[in-house]
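Given next are the chains, with one letter for each unit.
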Amino acid sequence: MTLSAVPRISCEVIEEGEVKARIFNIQRYSLNDGNGIRTVVFFKGCPHYCPWCANPESISGRIETVRRLSKCLHCPTCQNDVDECPSGAMESIGRDYSLAELEKEVLKDDVFFRSSKGGVTLSGGEVLMQTDFATRFLKRLKALGIHTAIETAGDAASEKVLTLARQCDEVLFDLKIMDTEKAKSVLNMNQPRVLVNLKLLVESGIRVIPRVPLIPGYTLEQGNMAAILQFLAPLKLTEIHLLPFHQYGEAKYQLLGRTWTMRGIEPPDASEIAPLRQMAESAGYHVTIGG
């Protein structure tokens, strides 16, 4: 019998209303963002303004239309319409999914989840901006026995964070700028609330993996790392992910007609990452570079 021979069957009847979520990407066969082979669902909309964001299309909650010049035929009269474009140069970013539609999409990869002990990760944007849908969706996946994770910055009301987290197997929790004023001015982030929520999740018995983006000029410095480790120390966690800055998002800014403020900033090399890694390892953490 092959792994795909027996479909998952839920024994739980889940009645749902017409709730929908706005998704901008479904990334299959991902080896990051959780264990095994994963399907990552990217929710559209984010309250933060991280200068290094690699997914600028995730920030706005609106469905956006872009033109890919490499496909454009330069028609004499452009309709600026995705459905009318003869070459596919006009493209919509964002689509609304019902619970059943999204479940059908991720279950296409079920055989990979089974064979690799993988699953589904909800990312963004910020999944907490669509908590009602995400909570219901995780509940459906849980009933099917699929391993689930969320990636979040945790900047929302505690009850909202806890309700969502209780429906998944692990939380990949991003810790960025620890200084309260700098986090507010640079990221539009309520850092005290973030830290309260991370502590609450751990105290509630939820598996949490802290993740730290290493961004030149912002978080790639020992003072910020020391503050993170000092905060985490009482929580007795054993694993941390360090995520080095990269330039993969630059083309997306060009596509959206936005300014990439990190242009020309070099990704950190091994010698720059090493001191921060050593700090985490000396504090007793198993360190993964890249998530």
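Residues numbered from 1 in each chain as written. Predicted model: local features only at pLDDT ≥ 70, side-chain atom pairs only at ≥ 80, totals over all residues. Heavy atoms only, no water.

Quick look at the packing of aromatic side chains
Given two aromatic rings, one states the distance between the centres and the angle between the planes to describe the pair.
Working step 1: Going through the model one piece at a time under the given rule, you end up with seven aromatic pairs.
Working step 2: Here phenylalanine 43 and phenylalanine 133 contribute two aromatic rings whose centre-to-centre distance is 6.2 Å and whose plane-to-plane angle is 65°, an arrangement assigned as edge-to-face. Of this pair, phenylalanine 43 sits in strand 2 (residues 38-43) while phenylalanine 133 is found in helix 3 (residues 131-143), placing the two residues 90 residues apart along the sequence. There is no split in this pair, since phenylalanine 43 and phenylalanine 133 are both buried.
Working step 3: Summarising the aromatic geometry, the rings of tyrosine 253 and tryptophan 260 are spaced 4.6 Å apart at their centres and angled 35° between planes, so their arrangement reads as tilted. Of the two residues, tyrosine 253 and tryptophan 260, neither departs from the other in class, the shared state being buried.
Working step 4: By the ring-pair criterion, three or more aromatic residues cluster together here, those being Phe43, Phe133 and Phe137.
Working step 5: Directly above the ring of tyrosine 97 sits arginine 95, whose terminal nitrogen or CZ lies 4.1 Å from the centroid. (Phe/Tyr/Trp six-rings, centres within 6.5 Å; stacked < 30°, edge-to-face > 60°. Helix = DSSP H or I, 4+ residues; strand = E, 2+ residues; numbered from the N terminus. Buried < 20%, exposed > 50% of the residue type's maximum accessible area, 1.4 Å probe, protein only. Lys NZ or Arg CZ within 6 Å of the ring centre and 35° of its normal.)

Let's talk about the confidence of the model for the chain
Working step 1: With 94% of its residues at a pLDDT of at least 70, the chain reaches an overall mean of 90.
Working step 2: Note on residues 1-6: pLDDT is under 50 here. Beyond four places in sequence and across chains, it has six contacts.
Working step 3: In the predicted structure, residues 9-15 sits below a pLDDT of 50 and forms eight contacts with residues beyond four places in sequence or in another chain. (pLDDT = per-residue confidence, 0-100. Contact = heavy atoms within 4.5 Å.)

Looking at the sheet that holds strand 1 (residues 20-30)
Working step 1: Spatially, nine strands are ordered 5-1-2-6-7-8-9-10-11 in an open sheet, and the strand pairing comes out mixed. The sheet is open, and its two borders are formed by strand 5 (95-98) and strand 11 (286-289), each paired with just one other strand. For this sheet, the mean inter-axis angle between neighbouring strands, taken without regard to orientation, is 30°.
Working step 2: Across five bridges, strand 2 lies against strand 6 (residues 119-123) in parallel orientation. When the bridges of strand 6 are listed, threonine 39 appears paired with valine 120. (Pairing = 2+ DSSP bridges. Axes fitted to C-alpha atoms, helices over the stretch in contact; angles between N-to-C directions.)

As for unusual backbone geometry
Working step 1: Of the consecutive residues glycine 124 and glycine 125, the connecting peptide bond is found in the cis state with omega at 15°.
Working step 2: Here the phi dihedral of lysine 117 falls at roughly 60°; this positive angle occurs in a residue that is not glycine.
Working step 3: On the secondary structure map, lysine 117 appears in the loop between helix 2 (110-116) and strand 6.
Working step 4: Its identity is not glycine, yet asparagine 188 carries a phi of approximately 60°, on the positive side.

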